[in-house]
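Each chain is listed here by its residues.
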Amino acid sequence: MKRVHTAVLERFGTFSEDFATEPYEAGWAEEAIFFVRVDAVEGANPTLSGQVQVSPDGIRWVDEGTRLPVVEQAGVTFTRVRHFGNWLRLAYRVSGGHARFHGTIYLCLKG
Amino acid sequence: MPSVSTGRSAQGVVAGLSKFRPLQTILAYDDFDEGLNGWTELTGNYRQDAMGVVPGHERFTDLRPPMLSSATFPFVGTHGSMSGIYSMKLATRAMAGRAEEEIRKGGFAQTLKRLTWQERGQVQFEMWFTYKPEADRPGIGEDEFRAFGVLWDLQDDEHRYFPAVRYLNAANGVVKQKWQFAQARKVSAEAWSGNQETSITEDRKSSWGAKPGVDPQWFGRRYPDGGTEGFRDIDKGHQRLCYNETIDKINWHYLRFLVDSRRREYVELQCNERTFDLRGVQPTLAPAYPRIWSLLNLALWVEADTNRRCFLFVDSAVISVGPSPSRAPRRKGMSR
């Protein structure tokens, strides 16, 4: 039977500037999904874009190439990634006038 | 027999358990090569009228999810665990308040395992562990790792109480390296926790606010030397652990923490070759809370002292229980 684990990387968070989730070790897993659940959005033309990053050591990060669909309103979005080594995080860019996103970010691992 | 995950052979279980000294009945043997086994991030209590946290727990909504770690570092690569590859890692964010300030969200991480008890008696937690700050900058960071701790959260028909021990490693950049045990000063609930709403609405008359002794890992006034109103120094409790000489050399340590839930007393703490006699010492007793009858929770936490992430690694852990022995004469001083 496979193992599965969901970690809540950000809980009831407010995202108003560029940021990245905390480093998370996932070397035991073969596949991962980042879920972004946005409960509320504020500001003018708010957009939240994100991309998966990988790292050899959990300290220096590089884009993996997988992007999250751009978020503009409340709802759930996700992106999938495989073959990521040990470390995973999601780096975000927030744009718009006084843009603020309220929500929760999950990392679901399976392997 | 302990509950054993699929994937572990009987021989592996026996070999893994031989490095522990469990009591009569093993409730849990968690080797983190098999998963997190029910160890989860502590979250606050939730409001009943909205999808949110009760006001008194808002400060405790970011206690960080534990992870299965291969202990991988920039220079050495993967260190692995004491037995196998994975350990459970508890990681703070790269932030901390000063030692005399309230804990800062993210600078304090806590995980726990939730059980209930079948009969009151002795309960023991053991683990093989190590600890480090993040290897993201020069310097070994020995003065940047504030503390880690082990906490029982127990409740019977009358009382809820928190026997806990804390290794205070450093405070405001000053190395301390000493053990403390939880026993609250005589303060009001207002002084202890702010007495904010922490329970679900219909319980508020009986358990509004955290009473003195509850959650000593963060409640109670804190001081610049790392002391708190919730903890007292263990007599002759200084202990130099094996920190080693680089940020990526990790040495596994043994810890055993024994309490007596029949007598509601501490018994002893062992870390490596030192055993600290705590028999007869009573944790602070709070009134029982609704809905957590027979509670037997075990929590681990780690605190950062600077804006450098701090990690507690647990190779494996055992929770065991047994009957309370008849009262023995209290030993004087500490044994080695």
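Our structure's up above, just so we're on the same page.
Structural notes, computed from the coordinates. Note that the structure is a prediction, hence the values are computed from the model and not measured.

Cut-offs applied
Residues numbered from 1 in each chain as written. Chains lettered and ligands numbered in written order. Predicted model: local features only at pLDDT ≥ 70, side-chain atom pairs only at ≥ 80, totals over all residues. Heavy atoms only, no water. Helix = DSSP H or I, 4+ residues; strand = E, 2+ residues; numbered from the N terminus. Rg over C-alpha atoms; globule rule 2.2 N^0.38 Å. Buried < 20%, exposed > 50% of the residue type's maximum accessible area, 1.4 Å probe, protein only. Contact = heavy atoms within 4.5 Å. Areas by Shrake-Rupley, 256 points an atom, 1.4 Å probe, with all protein chains shown as cover. Lys, Arg positive; Asp, Glu negative; His and termini not counted. Charge placed at Lys NZ, Arg CZ, Asp CG, Glu CD. Polar contact = N/O pair within 3.5 Å; in protein donor to acceptor, adjacent residues only side chain to side chain. Buried area = accessible area lost by both parts, 1.4 Å probe. Salt bridge = Lys/Arg side-chain N within 4 Å of Asp/Glu carboxyl O.

1. Observations concerning the overall build of chain B
(1) Moving on: Looking only at helices and strands, chain B features 3 helices and 19 strands.
(2) Moving on: Over its C-alpha atoms chain B spans a radius of gyration of 19 Å, differing by no more than 12% from the 20 Å that the globule rule assigns to 336 residues.
(3) Moving on: Taken over the C-alpha atoms alone, chain B extends approximately 55 × 45 × 45 Å along its principal axes.
(4) Moving on: Counting the 336 residues in chain B, one finds 60% classified as buried.
(5) Moving on: Here the analysis covers contacts within chain B between residues at least 6 apart in sequence; of these, 75% occur between residues at least 24 apart.
(6) Moving on: A total accessible area of about 13600 Å² is found for chain B, and carbon and sulfur atoms account for 51% of it.
(7) Moving on: Between the averaged position of the 46 positive side-chain charges in chain B and that of its 41 negative side-chain charges there is a distance of 4 Å.

2. Here we look at the overall build of chain A
(1) Moving on: Helix and strand counts for chain A come out as 0 helices and 7 strands.
(2) Moving on: The C-alpha radius of gyration computed for chain A amounts to 14 Å, which stays within 12% of the reference 13 Å derived for 111 residues, consistent with globular compactness.
(3) Moving on: For chain A, the spread of C-alpha atoms along the principal axes amounts to about 45 × 30 × 20 Å.
(4) Moving on: Taken over 111 residues, chain A has a buried fraction of 50%.
(5) Moving on: A separation of at least 24 residues holds for 82% of the contacts in chain A among residues at least 6 apart in sequence.
(6) Moving on: When the accessible surface of chain A is summed, it comes to about 5500 Å², and 48% of that surface belongs to carbon and sulfur atoms.

3. Notes on the side chain of T104(A)
Residue and element names in this part refer to chain A.
(1) Moving on: Relative to the elements of secondary structure, T104 occurs in strand β7 (residues 87–110).
(2) Moving on: The class of T104 is buried, set by a relative accessible area of 3%.
(3) Moving on: A distance of 3.2 Å separates a polar atom in the side chain of T104 from the backbone nitrogen of F12.
(4) Moving on: When near neighbours in sequence (up to four residues on either side) are disregarded, T104 contacts V8, E10, R11, F12, F35, V36 and R37.

4. Observations concerning the side chain of E10(A)
(1) Moving on: Looking at the element boundaries, E10(A) is found in strand β1 (residues 4–15).
(2) Moving on: Of note is the side chain of E10(A), whose polar atom sits 3.1 Å from the side chain of R93(B).

5. Notes on the interface of chain A and chain B
(1) Moving on: Facing the 21 residues of chain A at the interface are 29 residues of chain B.
(2) Moving on: Buried area between chain A and chain B, both sides added, is near 1900 Å², and the carbon and sulfur share of it is 49%.
(3) Moving on: In terms of surface lost to chain B, no three residues of chain A exceed R11(A), E22(A) and E25(A), which account for 31% of the buried area on that side.
(4) Moving on: At the surface where chain A touches chain B, the tally comes to 6 salt bridges.
(5) Moving on: Ionic pairing is found between E22(A) and R93(B), a salt bridge with its closest N-O pair at 3.9 Å.

6. Thoughts on the pattern of salt bridges
(1) Moving on: On inspection of all chains with the given rule, the structure shows 37 salt bridges over all chains.
(2) Moving on: Note that R309(B) is salt-bridged to E22(A), the shortest N-O span being 2.7 Å. Placement of the pair is R309(B) in the loop between β18 (295–304) and β19 (310–322) and E22(A) in the loop between β2 (19–20) and β3 (24–25), with the two residues belonging to separate chains.
(3) Moving on: Of the charged contacts in the structure, one is a salt bridge between E31(A) and R82(A), with a shortest N-O distance of 3.2 Å. Remark: R82(A) occurs in strand β6 (residues 75–82) and E31(A) occurs in strand β4 (residues 31–55); sequence separation between them is 51 residues.
(4) Moving on: For E31(A), a relative accessible area of 27% corresponds to the partly exposed category.
(5) Moving on: Overlapping salt bridges bring together E10(A), E22(A), D62(B), R64(B), R93(B), E134(B) and R309(B) as one network.

7. A closer look at unusual backbone geometry
(1) Moving on: The backbone phi angle of F12(A) is positive, close to 50°, even though this residue is not glycine.
(2) Moving on: Its identity is not glycine, yet K236(B) carries a phi of approximately 55°, on the positive side.

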